[in-house]
Amino acid sequence: MKLFDIFIFSVNAIMPLILIILLGYFLKQKGFLTKEFLKIGNKLVFRVCLPTMLFCNIAELNDIKQIPWNAVIYVLGIIIILVIIGYIIARFTPDVNQKGVMMQCIFRSNFALIGVPLAELLCGNAGVSAAAILSAFTIPIYNILAVLVLTGFKGEKSAASIKNQIKGILHNPLIIGVVLGIIVLILKMTLAPKIPQSIFEDFRFIKTTLTYISRSATPLSLLILGGQFEFDKIKGYRIQIITATIGRTLIAPLIGIGIAIVLTKTGILIFEPAIFAALISLFATPVAVASAIMAEEMNNDGQLAAQLVVWTSLISVLTLFGFIFFARFFGVL
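Below is a summary of the structure that appears in this document. Keep in mind that this is a model prediction, so the values were computed, not measured.

**Structural notes on the packing of helix α2 (residues 35-59) against helix α12 (residues 290-297)**
- Interaxial distance between α2 and α12 falls to 10 Å at its minimum, and their mutual angle equals 115°. When the axes of α2 and α12 are compared, the crossing they make is left-handed. Only Ala290, Ile293, Met294, Glu296 and Glu297 of α12 make contact with α2, whose side of the interface consists of Lys39, Asn42, Lys43, Val45, Phe46, Arg47 and Leu50.
- A per-class count over the contact of α2 with α12 returns six nonpolar, one polar and five charged.

In structure tokens, the structure reads:
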């Protein structure tokens with residue numbers, strides 16, 4: 001693959017996000033998107049569209065019979081490291097409403113939206129398969145961790161408070177979407193071979209309806225994000241933006257991809273090129289769009305979360321190119 005093609009792909013993958021965010025900002029400035037619409041839109045995305053998207057992403061998985069457990073364990077280990085780094089950064093963030101936002105930016109990538117197509121470009125069908133398998137583990141973990149960190153820094157640590165936090169986690173729409181997706185996936189793997197395929201064809205309207213709702217999550221999230229974005233707030237968030245953006249676009253991929261290269265080159269833990277394509281998609285992409293919607297709905301600093309989505313997306317156009325070049329240089333991709 002030519003380096004220019006890699007750069008063009010990075011631009012093509014990220015710029016649609018930026019352009020839809022700018023459209024939302026423009027429509028808000030023109031008075032087309034009102035504060036009331038943005039408030040209701042946030043609830044719609046958080047409680048309906050995103051849970052449906054997560055449900056579909058997990059429930060539609062098929063090829064998980066040959067799970068590369070070494071890659072799965074490695075990825076989970078790296079996520080733990082990133083959570084620890086994010087926690088350290090959050091401890092030095094004075095505003096309690098910004099702690100969870102900063103922390104989730106470090107460990108949570110836009111894998112669900114950009115990951116699979118990027119893996120396909122880098123390694124074809126093998127890359128898609130590797131990314132899909134890893135997504136079955138990482139998407140639920142990302143969302144559960146996000147709920148935990150966005151609630152964990154707020155309120156007193158009394159027994160009643162902890163009980164309310166657990167209750168909030170269990171009732172969180174995203175967690176419900178993930179759990180239902182896992183249940184359907186398990187049922188599909190165990191019962192589907194015994195059920196005539198004609199039944200699925202007869203009732204395909206259910207899948208079609210869920211797919212339509214799922215597809216609306218990303219563009220609607222981006223439009224609302226743009227409507228909430230305020231350029232004049234950048235000054236007040238400068239340190240937070242710089243810190244979290246460096247963490248998401250440089251530190252996270254350096255750790256996630258760099259350690260994998262060292263392990264492969266030393267023969268300790270050998271990963272195929274398809275796994276490296278998935279690792280790049282997982283660790284080098286910007287923070288998830290859903291992070292801003294979640295932060296706003298869970299009474300964290302939604303404006304900071306929106307800023308981080310925009311800035312990590314912009315910077316990752318360059319850093320994605322750099323890390324793909326990095327992997328190609330060491331011959332692992």
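Still more to cover.
**A look at the nonpolar core**
- Core analysis: the largest hydrophobic core is formed by 98 residues, its most contacted members being Leu279 and Ile280.
- No other element matches helix α5 (residues 111-152), which puts 17 residues into this core.
- The residues contacting Leu279, other than those within four sequence positions of it, are Tyr74, Val75, Gly256, Ile257, Ala260, Phe271 and Ala284.

**A few points about the packing of aromatic side chains**
- Counted by the stated rule, this structure contains eight aromatic pairs.
- Taking the centre distance of 6.4 Å and the plane angle of 35° together, the rings of Phe107 and Tyr142 count as tilted. Here Tyr142 lies in helix α5 and Phe107 lies in helix α4 (residues 96-107), a separation of 35 residues in the sequence.
- Taking relative accessible area as the criterion, Phe107 reaches 1% and is therefore assigned buried.

**Here's the deal with empty space enclosed by the protein**
- Per the counting criterion, the structure on display carries one cavity of 30 Å³ or more.
- Empty space within the largest cavity amounts to approximately 230 Å³.
- Surrounding the largest cavity, 19 residues form its lining, Met53, Asn110, Ala112, Ala288 and Ala290 being those nearest its centre.
- At the level of elements, α2, α5 and α9 (204-228) are the ones that each hand at least two residues to the lining of the largest cavity.
- At six residues, α5 tops the list of elements feeding residues into the lining of the largest cavity.
- Across the lining of the largest cavity, the residue classes tally to 13 nonpolar, five polar and one charged.

**So, the environment of Ala260**
- Tracing the backbone shows Ala260 in helix α10 (residues 238-265).
- Looking at Ala260, the relative accessible area reads 0%, which means it is buried.
- Each C-alpha atom of the pair Ala260 and Val75 lies 9.6 Å from the other, and the pair is 185 residues apart in sequence.
- Leaving out residues up to four positions away in the same chain, Ala260 has contacts with Tyr74, Phe271, Phe276 and Leu279.

**Focus on the packing of α12 against helix α13 (residues 302-329)**
- Between α12 and α13, the least distance of the axes is 8 Å, while the angle of their chain directions is 175°. Here α13 runs roughly antiparallel to α12, going by the angle between their axes. Residues Ser291, Ala292, Ala295 and Glu296 of α12 touch α13, and the partners they reach there are Gly302, Gln303, Ala305, Ala306 and Val309.
- When its residues are assigned to classes, the contact of α12 with α13 shows five nonpolar, three polar and one charged.

**A few points about the pattern of salt bridges**
- Scanning the entire structure with this criterion turns up two salt bridges.
- One connected set of salt bridges, linked through shared partners, spans Lys43, Arg47 and Glu297.

**Focus: α13**
- When the terminal C-alpha atoms of α13 are compared, their 39 Å separation across 28 residues agrees well with the 40 Å that a helix rising 1.5 Å per residue should span.
- Regarding α13, its N-cap is Asp301, as a side-chain oxygen of that residue lies 3.3 Å from the backbone nitrogen of Gln303 further along.
- Just past α13, the residue Gly331 takes up positive phi, approximately 75°.

**Here's the deal with the environment of Ala252**
- Along the chain, the position of Ala252 falls in helix α10.
- Note on Ala252: relative accessible area 0%, which makes it buried.
- With 145 residues separating them in the primary sequence, Ala252 and Phe107 have C-alpha atoms 7.2 Å apart.
- Not counting chain neighbours up to four residues away, the residues in contact with Ala252 comprise Leu82, Ile106, Gly247 and Phe283.

Reading the values: the criteria
- Residues numbered from 1 in each chain as written.
- Predicted model: local features only at pLDDT ≥ 70, side-chain atom pairs only at ≥ 80, totals over all residues.
- Heavy atoms only, no water.
- Axes fitted to C-alpha atoms, helices over the stretch in contact; angles between N-to-C directions.
- Helix = DSSP H or I, 4+ residues; strand = E, 2+ residues; numbered from the N terminus.
- Left-handed = near helix turned anticlockwise from the far one by under 90°.
- Contact = heavy atoms within 4.5 Å.
- Nonpolar A, V, L, I, M, F, W, Y, C, P; charged D, E, K, R; others polar.
- Core = buried A, V, L, I, M, F, W, Y, C linked by side-chain atoms within 4.5 Å.
- Buried < 20%, exposed > 50% of the residue type's maximum accessible area, 1.4 Å probe, protein only.
- Phe/Tyr/Trp six-rings, centres within 6.5 Å; stacked < 30°, edge-to-face > 60°.
- 1 Å grid on protein atoms, 1.4 Å probe; cavity = no way out; pocket = protein on both sides within 12 Å on 5 of 7 lines; lining within 4 Å.
- Points joined across faces, edges and corners; volume = space filled by probe spheres on them.
- Parallel < 35°, antiparallel > 145°, perpendicular 65-115°, else oblique.
- Salt bridge = Lys/Arg side-chain N within 4 Å of Asp/Glu carboxyl O.
- Expected span 1.5 Å × (residues − 1).
- Polar contact = N/O pair within 3.5 Å; in protein donor to acceptor, adjacent residues only side chain to side chain.

Everything listed here is a matter of geometry and, on its own, says nothing about what the molecule does.
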